[in-house]
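# Descriptive analysis of the structure
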Amino acid sequence: MTARNMVLLGPPGAGKGTQAKELSARLGVPHISTGDMLREAVREGTPLGLKAKAVMESGGLVSDELLTGIVKERLAKGDCGPGFILDGYPRNLSQAAILEGILKELGKEAVRAVELEVADEVIVSRLSSRRSCPSCGAVYNVVTSPPKSPGVCDKCGTSLTLREDDKEDVIRERLRVYHEKTAPLSQHFRSRGALLSVPGDGRPEDVLRDVQKAIG
Ligand code: AMP
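These lines cover the structure that appears in this document, whether it is placed above or below. (Residues numbered from 1 in each chain as written. Predicted model: local features only at pLDDT ≥ 70, side-chain atom pairs only at ≥ 80, totals over all residues. Heavy atoms only, no water.)

All right, on to the overall build of the protein chain then. A tally of helices and strands in the protein chain yields nine helices and seven strands. For the protein chain, the C-alpha radius of gyration of 17 Å lies close to 17 Å, the compact-globule estimate for 216 residues. If one aligns the C-alpha atoms of the protein chain with their principal axes, the spans along those axes are about 45 × 40 × 35 Å. Taking all 216 residues of the protein chain together, the buried fraction comes to 43%. Total accessible area on the protein chain is roughly 10700 Å²; 53% of this is exposed by carbon and sulfur atoms. Of the charged side chains in the protein chain, 31 are positive and 29 negative; the average position of the first set lies 3 Å away from that of the second. (Helix = DSSP H or I, 4+ residues; strand = E, 2+ residues; numbered from the N terminus. Rg over C-alpha atoms; globule rule 2.2 N^0.38 Å. Buried < 20%, exposed > 50% of the residue type's maximum accessible area, 1.4 Å probe, protein only. Areas by Shrake-Rupley, 256 points an atom, 1.4 Å probe, with all protein chains shown as cover. Lys, Arg positive; Asp, Glu negative; His and termini not counted. Charge placed at Lys NZ, Arg CZ, Asp CG, Glu CD.)

Turning our eyes to something else, we now look at the packing of helix α2 (residues 34–44) against helix α3 (residues 47–58). Orientation of α2 relative to α3, taken along the N-to-C sense of each, is 115 degrees, at an axis distance of 8 Å. Classified by the angle between their axes, α2 and α3 sit roughly perpendicular to one another. Where α2 crosses over α3, the handedness of that crossing is left-handed. Contacts between α2 and α3 involve G35, L38, R39, A41 and V42 on the former and, on the latter, L48, G49, A52, K53 and M56. Within the contact of α2 with α3, the residues separate by chemical class into six nonpolar, two polar and two charged. (Axes fitted to C-alpha atoms, helices over the stretch in contact; angles between N-to-C directions. Parallel < 35°, antiparallel > 145°, perpendicular 65-115°, else oblique. Left-handed = near helix turned anticlockwise from the far one by under 90°. Contact = heavy atoms within 4.5 Å. Nonpolar A, V, L, I, M, F, W, Y, C, P; charged D, E, K, R; others polar.)

Structure representation (C-alpha cells):
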C-alpha cells in the first residue's frame, strides 16, 4: 500500500487539529502536531519548552533548529511506517526543505499537502471562542462544541482556559505570521503537484467528507 504521508496546511484555527484527529483514526496513521509537542514541552518545563514558551505566547514561530530534532525523531518511530499526518509543520519554506531532507534520509515517500481554506475573520471569531484543557490538551469551542459542564474538561475535569495565544491581539499576530511565512507553502506544494485545497469553513463533518474525497 502507498504510504499516507500528509501535511495539513491552513491558518491557525482552520481546523487542522480537529481534521487530523479524525483522519488519524480513520486511516490508522499517527497525528503529529508540533504545536501539541511544544505545549507539552512547555508544561513539563523541558529545555525545549523553556526556549519555546515566550515565542509561542507572542504568536511568533519557534526557530527551525528547535523543531528539526523533535520532528525527525517522531517520524523515525515505527508507527509512521504506513504514513502520518503532520499538523503545524512545515510552517515556512525552510521547514519544507528540512522535511524533504528528513523523509529522504528515512527512506520515506514525499508528502501530499491538504490545505484548509478559511477567511481571517472566521479565524478570529473561532479562536476567541476556543477553550483548551491545560492538563490533557482537549479542545472545545464555547459556541460550536462546548463541554458538558461549562468551563470544565469532559475528559479530565480540569478547568478550561483560553490559550495565551488565542487572545485577539496574539491571534492577529499569528495570522500576520501565517500570511508572511506559511501561506507561500501552498505554492510550494502546488508546483510539485502535491496540493489539495478544501474549503474549511463548513461544519467539521462536512470538511472531513471533502478532505476524504480530495485524498481519495
Ligand atoms: P499551533 O498549535 O500549531 O497553532 O502552534 C502553536 C505555536 O507553536 C505556534 O504559534 C508557534 O509559536 C509554535 N509552533 C508550532 N509548530 C511550529 C513550527 N512548525 N515552527 C515554528 N513554530 C511552531
